[in-house]
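Chains, contacts and geometry: an overview
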Amino acid sequence: MNTKNRLRLFKAISIGLALLAIVMLELLLRAFHYGNDLRLFIEAPADNRYLVLNPDASKKYFLNQRIATTGNSELFKKEKDKNTCRIFVLGESTTIGYPYYHNGAFHRWLQYRLMRSFPDRDFEIINLSLTAVNSFTVLGFAREVVRYQPDAVLIYTGHNEFYGSLGVGSTERIAGNPRLVNLVLALREYKIMQLLTNTYEKILSRTAGPEVTAGKARMELMVAAQQIPYGSTLYKRGITQFQANMDVTLQLLDKKGIPVFISNLVSNEKDLIPFISLRPDSTQAPGFQRTYTAALQALENKNTTAAFTGFQQAEKLYNGYAATHYYLGRLLLVKGDTAAARQELSTARDLDALRFRAPAALNNIIPQLCSKYKNAHLVNAKAAFEQLSVDHIIGNELLLEHVHPNLQGYAVLSDAFYNSMQQAGFFPKDTMNLAQLLRTMPITRVDSLAGAYRIANLKRSWPFTTVPVKDTLAVNTEEERLAYGLTFRHTWWPAVMDTLYNYYAGKADWAGAAAVVGTLVLEHPADAPLYERAANLYGKLNDFNNAALYFRKAFALAPTFEMARTLFVLYLKMDQPLAAMPYLDYAMQHNNRGLNLAPVKQLTAEIIQLQQTTTPEALSPVVNKYKQMGNNEGAASYLEKLLKTDPGNKQALLLLAQLGK
């Protein structure tokens with residue numbers, strides 16, 4: 001072997017040994033369970049039939065592991081049932097329901113609506129959203145969820161593109177284009193990479209000064225570049241990052257044939273002055289500052305005419321100052337020129353150098369991407385919010401601060417997703433509209449208050465204010481006390497709900513208690529005893545429709561003779577003999593009490609037949625059949641239905657009077 005070949009061999013052996021050493025080290029680290037398990041899902045600790053979001057999954061996307069956020073613990077079955085519709089939800093803080101979480105989140109509004117509208121179907125809606133993340137996490141999670149048989153994926157993301165973890169202006173950023181960042185994320189799966197990262201962090205923590213985090217909200221902790229000018233290099237990188245990541249996400253889901261519903265973004269344009277307006281250089285725009293200050297003074301003196309003229313002059317001198325456009329927009333609204341106001345307010349948002357609100361460029365990218373892929377559907381949440389906002393410009397009516405909806409706003413967001421899915425043929429048209437959803441959704445006063453307290457606390461800190469504000473939250477009632485403890489983590493949500501339920505039950509406030517249990521049902525949709533508990537509470541309230549709904553869901557999860565008996569009795573009381581029949585059949589087949597149910601079935605079958613053939617004038621046979629069962633409620637319900645269509649029916653009125661109703 002000549003020298004040249006020997007050198008080649010030695011190099012090959014050296015490289016081979018190095019690779020072998022790396023592989024051996026990786027295997028050794030795995031054998032000793034070093035580092036974090038970064039899988040998206042793990043087996044549910046309480047029930048091995050289910051999977052749940054891994055609380056460590058987020059650590060892959062945060063360079064500083066100590067500030068990695070965690071998401072919901074929403075279970076879904078390892079083995080998907082045939083009757084199950086499985087939907088994954090991806091996004092950031094708005095998508096997870098901040099500041100309410102739990103039933104405030106839009107996916108819970110959607111879950112409740114689907115449960116009510118299609119009670120015979122099972123819906124698994126698993127929200128994988130995290131606070132302080134952006135499109136890198138959405139793409140990473142999407143790559144994993146495709147393996148878990150999703151029927152659809154819902155996405156709402158974009159506001160965190162600059163400052164969410166790995167964003168171009170974030171403290172948690174990696175220099176480079178999206179492909180490089182995604183490569184680094186892929187390498188973080190390996191234990192060796194985790195070892196190197198942990199070693200680097202330890203060295204850095206010893207050499208660097210103390211971390212200044214005390215008193216800072218997460219918003220402030222995540223921001224490295226407070227000023228990202230419109231059209232700057234950093235701004236363009238943020239736009240490119242979003243487009244690249246979301247393009248790959250939609251392409252991936254499209255190739256797998258998975259419908260994806262992605263929403264455009266809503267933000268407060270009308271009622272939020274830009275956080276940071278960038279002043280021009282005095283040589284670049286001489287006279288701007290003087291003109292702007294004079295206009296602002298005129299506005300403070302309520303001289304709107306002079307203020308409007310002054311802001312117009314300031315805008316001509318320099319059109320890149322965000323606040324100028326904001327005040328022009330507000331003054332144009334006073335003048336009634338909503339079209340011009342909308343343009344000025346949109347410009348003000350885009351020029352805001354502190355990029356907590358997504359610029360219009362992202363809302364332009366989303367429909368363009370949807371048009372590329374047949375399985376991608378645009379959810380026009382922006383149009384839905386505008387429709388319900390004063391002057392059709394989004395402001396405080398539906399938003400709490402800059403981007404997070406209030407409870408009505410989250411309901412509107414869920415409605416926008418539902419309508420888009422329904423238009424795509426994903427669901428048939430239901431009978432519940434937005435007004436009914438808002439009226440019936442079970443949200444406790446404690447959850448509502450906790451959301452208000454979180455927002456009040458947020459607005460005390462940067463960037464809303466730089467001056468410390470004294471705590472003035474009202475804490476007088478039991479609900480307020482519980483909400484305060486929940487907000488500031490003196491206690492945890494399950495314990496709060498348990499205390500709240502006992503508080504309402506102690507006062508015999510069964511409506512309040514039912515709202516608590518209804519909330520818990522959506523939190524734990526596979527828990528049959530919770531459905532039964534909710535059904536019994538609605539029974540106390542004589543709300544038979546809700547009682548039947550919850551008993552029906554409990555029966556689907558854990559069928560028993562007693563529950564079947566309860567259901568067919570309820571449905572007969574409500575004059576729904578067809579709905580009663582399947583549960584009557586089940587009770588007869590599993591009759592461990594030895595009851596004679598044959599006469600009940602015979603009478604039920606006769607009532608079904610009579611209702612199909614009897615004219616409204618010949619009411620007595622149906623009423624008599626119900627009376628033979630001892631079911632005066634069913635007879636009265638039947639007569640009341642007829643009187644709704646024929647209020648003057650004398651025979652129905654007479655029979656109803658005989659029943660004492």
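Here's a quick rundown of the structure. (Residues numbered from 1 in each chain as written. Predicted model: local features only at pLDDT ≥ 70, side-chain atom pairs only at ≥ 80, totals over all residues. Heavy atoms only, no water.)

A word on the pairing of strand 2 (residues 50-53). Inspection of the sheet shows strand 1 (residues 41-43) paired to strand 2 by 3 bridges, in the antiparallel sense. Residue pairing in the sheet places isoleucine 42 in a bridge with valine 52 of strand 2. Connecting strand 1 to the next strand, strand 2, in antiparallel fashion are 6 residues. Here strand 2 runs beside strand 3 (residues 76-77); their pairing, made up of 2 bridges, is antiparallel. Residue pairing across strands places leucine 51 opposite phenylalanine 76, the latter belonging to strand 3. (Pairing = 2+ DSSP bridges. Helix = DSSP H or I, 4+ residues; strand = E, 2+ residues; numbered from the N terminus.)

What follows concerns the pattern of salt bridges. A full pass over the atoms with the stated rule returns 27 salt bridges. A salt bridge links aspartate 415 to arginine 113; its shortest N-O distance comes to 2.6 Å. Of the two residues, aspartate 415 sits in helix 15 (residues 407-423) while arginine 113 sits in helix 3 (residues 106-117), which places them 302 residues apart along the sequence. Take aspartate 415 and arginine 113: they sit in the same class, and that class is buried. Lysine 601 serves as the salt-bridge partner of aspartate 585, at 2.8 Å between the closest nitrogen and oxygen. Taken together, the positions of aspartate 585 in helix 24 (residues 577-589) and lysine 601 in helix 25 (residues 598-613) put the pair 16 residues apart, joining distant regions of the chain. Accessibility expressed as a relative area gives 22% for aspartate 585, which makes it partly exposed. Judged by relative accessible area, lysine 601 falls into the partly exposed class, the value being 32%. (Salt bridge = Lys/Arg side-chain N within 4 Å of Asp/Glu carboxyl O. Buried < 20%, exposed > 50% of the residue type's maximum accessible area, 1.4 Å probe, protein only.)

In terms of nonpolar packing, the biggest core is built from 173 residues, with Leu128, Val153, Leu154, Tyr550 and Leu639 touching the most fellow members. Counting residues per element, this core draws most heavily on helix 15, at 9 residues. What tyrosine 550 contacts, discounting residues up to four positions off in sequence, is Tyr112, Met115, Gly518, Val521, Tyr531, Ala534, Ala535 and Tyr538. Counting 22 residues, the second-largest nonpolar core is a separate cluster that includes Ala307, Phe311, Leu332 and Leu345. (Core = buried A, V, L, I, M, F, W, Y, C linked by side-chain atoms within 4.5 Å. Contact = heavy atoms within 4.5 Å.)

For the pair helix 3 and helix 15, interaxial distance at closest approach is 8 Å and the crossing angle is 60 degrees. Viewed along their axes, helix 3 and helix 15 adopt a mutual orientation that is oblique. Note on packing geometry: the crossing formed by helix 3 with helix 15 is right-handed. The segment helix 3 lies against helix 15, with Phe106, Trp109, Leu110, Arg113 and Leu114 engaging Leu407, Tyr410, Ala411, Leu413, Ser414, Asp415, Phe417, Tyr418 and Met421. Looking at the contact of helix 3 with helix 15 residue by residue, the classes come out as 11 nonpolar, 1 polar and 2 charged. (Axes fitted to C-alpha atoms, helices over the stretch in contact; angles between N-to-C directions. Parallel < 35°, antiparallel > 145°, perpendicular 65-115°, else oblique. Left-handed = near helix turned anticlockwise from the far one by under 90°. Nonpolar A, V, L, I, M, F, W, Y, C, P; charged D, E, K, R; others polar.)

In this structure, lysine 255 sits in helix 8 (residues 233-255). A sequence separation of 120 residues divides lysine 255 from asparagine 375, and the C-alpha atoms of the two residues are 8.7 Å apart.

Here we come to the sheet that holds strand 4 (residues 84-91). Judged by pairing direction, the sheet is parallel, and its 5 strands sit side by side in the order 5-4-6-7-8 without closing on themselves. Pairing within the sheet leaves two strands with one partner each, and these edge strands are strand 5 (122-127) and strand 8 (376-379). Averaged over all pairs of adjacent strands, the angle between their axes in this sheet comes to 20 degrees, without regard to strand direction. Pairing analysis gives 3 bridges linking strand 6 (residues 152-156) to strand 7 (residues 260-263), with the strands arranged parallel. By the bridge assignment for strand 7, isoleucine 155 is matched with isoleucine 262. Contacts between helix 3 and the sheet are confined to strand 4, strand 5 and strand 6, with strand 5 contributing the most and set at about 180 degrees to the helix. Each of strand 4, strand 6, strand 7 and strand 8 is contacted by helix 15, which is oriented at about 140 degrees to strand 6, the strand it contacts most.

Let's shift gears to the packing of aromatic side chains. Taken as a whole and assessed by the stated rule, the structure comprises 36 aromatic pairs. A centroid spacing of 5.7 Å and a plane angle of 80 degrees characterise the contact between tyrosine 61 and phenylalanine 141, whose relative ring orientation is edge-to-face. Pair noted here: tyrosine 61 is in the loop between strand 2 and strand 3 and phenylalanine 141 is in helix 4 (residues 135-145), with a separation of 80 residues, a long-range link. Comparing tyrosine 61 with phenylalanine 141 shows no difference in burial state: the two are buried. Centroid distance phenylalanine 555 to tyrosine 583: 5.2 Å. Interplanar angle 80 degrees. Geometry classified as edge-to-face. Here the residue phenylalanine 555 occupies a position in helix 22 (residues 544-557), and tyrosine 583 occupies one in helix 24, the gap between them amounting to 28 residues. Taken together, Phe288, Tyr292, Phe311, Tyr318, Tyr321, Tyr326 and Tyr327 form an aromatic cluster joined through their ring pairs. (Phe/Tyr/Trp six-rings, centres within 6.5 Å; stacked < 30°, edge-to-face > 60°.)

So, about unusual backbone geometry. Between tyrosine 98 and the following residue, proline 99, the backbone shows a cis peptide bond with an omega angle of 5 degrees. Checked against the element boundaries, proline 99 lands in the loop between helix 2 (93-96) and helix 3. Backbone torsion omega between tryptophan 462 and proline 463 reads 10 degrees, so that peptide bond is classified as cis.

Another point: the environment of leucine 639. Its place among the elements puts leucine 639 in helix 27 (residues 632-645). As for leucine 639 and glutamine 651, which are separated by 12 residues in sequence, their C-alpha atoms are 9.4 Å apart. Apart from residues no more than four positions distant in its own chain, leucine 639 is found in contact with Leu619, Val623, Ala652, Leu655, Leu656 and Leu659.

It is worth spelling out helix 15 at this point. Taking 1.5 Å as the rise per residue, helix 15 with 17 residues should run 24 Å; its terminal C-alpha atoms sit 24 Å apart, in good agreement. For helix 15, a buried count of 13 out of 17 residues is recorded, marking the element as mostly surrounded by other parts of the structure. Two or three places before glutamine 408, at the start of helix 15, stands the capping residue asparagine 406, its side-chain oxygen 3.2 Å from that residue's backbone nitrogen. Just past helix 15, the residue glycine 425 takes up positive phi, approximately 80 degrees. (Expected span 1.5 Å × (residues − 1). Polar contact = N/O pair within 3.5 Å; in protein donor to acceptor, adjacent residues only side chain to side chain.)

We now examine the sheet that holds strand 3. Strand order in the open sheet made by the 3 strands is 1-2-3, with antiparallel pairing throughout. Two strands in the sheet have a free side with no partner beyond their single neighbour: strand 1 and strand 3.

A word on the pairing of strand 4. Residues in a regular strand project their side chains so that they alternate between the two faces of the sheet. Among the 8 residues that make up strand 4, 8 are buried, leaving the element largely enclosed by the rest of the structure. Judged by which residues are buried, strand 4 turns out to be covered on both faces: Thr84, Arg86, Phe88 and Leu90 on one side and Cys85, Ile87, Val89 and Gly91 on the other are all buried. In this structure, strand 4 lies alongside strand 5, joined through 6 bridges in parallel fashion. Its bridge partner lying in strand 5, valine 89 is registered against asparagine 127.

Taken together, the side chains of Leu7, Leu9, Phe10, Ile13, Leu17, Leu20, Val23, Met24 and Leu27 present a nonpolar region at the surface, about 850 Å² in accessible area. Inspection of the secondary structure assignment puts leucine 20 in helix 1 (residues 3-31). (Patch = residues over 30% accessible without salt bridge, like charges linked within 9 Å, V, L, I, M, F, W, Y side chains within 5 Å. Areas by Shrake-Rupley, 256 points an atom, 1.4 Å probe, with all protein chains shown as cover.)

Put simply, helix 3 and helix 22 touch, their axes get as near as 10 Å, and they point 95 degrees apart. Judged on the interaxial angle alone, helix 22 and helix 3 are roughly perpendicular. Across the interface between the two elements, Tyr112, Met115 and Arg116 from helix 3 touch Asn546, Leu549, Tyr550 and Lys553 from helix 22.

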